[in-house]
Amino acid sequence: MKIFLNALLVSVSASLLYIFIMFVTPMFLMMTGSSAFTSSPELFGHALYVLNIADQEFLSKATNLGLILSFILGGVLYYGGRTLRNKRLHQSP
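Cut-offs and rules
Residues numbered from 1 in each chain as written. Predicted model: local features only at pLDDT ≥ 70, side-chain atom pairs only at ≥ 80, totals over all residues. Heavy atoms only, no water. Helix = DSSP H or I, 4+ residues; strand = E, 2+ residues; numbered from the N terminus. Rg over C-alpha atoms; globule rule 2.2 N^0.38 Å. Buried < 20%, exposed > 50% of the residue type's maximum accessible area, 1.4 Å probe, protein only. Areas by Shrake-Rupley, 256 points an atom, 1.4 Å probe, with all protein chains shown as cover. Polar contact = N/O pair within 3.5 Å; in protein donor to acceptor, adjacent residues only side chain to side chain.

*Asks:* How should the overall build of the protein be read in this particular structure?
*Replies:* A count of helices and strands for the protein gives 2 helices and 5 strands. What you see in the protein, going N to C, is helices and strands ordered as α-β-β-β-β-β-α. At 18 Å, the protein has a C-alpha radius of gyration far larger than the 12 Å of a compact globule built from 93 residues. Principal-axis analysis of the C-alpha atoms places the extent of the protein at approximately 60 × 30 × 20 Å. In the protein, buried positions account for 20% of the 93 residues. Of the roughly 7,000 Å² of accessible surface on the protein, a fraction of 68% belongs to carbon and sulfur atoms.

Set out below in structure tokens:
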């Protein structure tokens, strides 16, 4: 149960990181001088995120698909890292 809760915590953290990046990126791009920028990549016919900068206005949107994929990626990274760590610990010198 402890492993599952740790994986859940890492997955939620990855989702929160995705949200934070989506809201900070337009401000960072505006500070670097980008005044016109549009990005909305799609996967399976749905947008991963929506980012639009026009003049001094910006729109940033974290989508459901992006949240789900970041949640899954967090779990995969947790279990992958745990597996690699266990392999190293159980190797004979």
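Anyway, onward from the coordinates.
*Asks:* Help me understand the environment of Ser39 in this model?
*Replies:* Structurally, the position occupied by Ser39 is in strand E1 (residues 36-39). The exposure class assigned to Ser39 is buried, which follows from its relative accessible area of 15%. Sequence separation of Ser39 and Val50 is 11 residues, and the distance between their C-alpha atoms is 6.1 Å. A polar contact is formed between the side chain of Ser39 and the side chain of Tyr49, at a distance of 3.2 Å.

*Asks:* Explain the environment of Asn64 to me, please; I cannot follow it from the model alone.
*Replies:* Mapped onto the fold, Asn64 is located in helix H2 (residues 64-89). A relative accessible area of 61% places Asn64 in the exposed class. In this structure, the C-alpha to C-alpha distance between Asn64 and Tyr49, residues 15 residues apart in sequence, is 8.7 Å.

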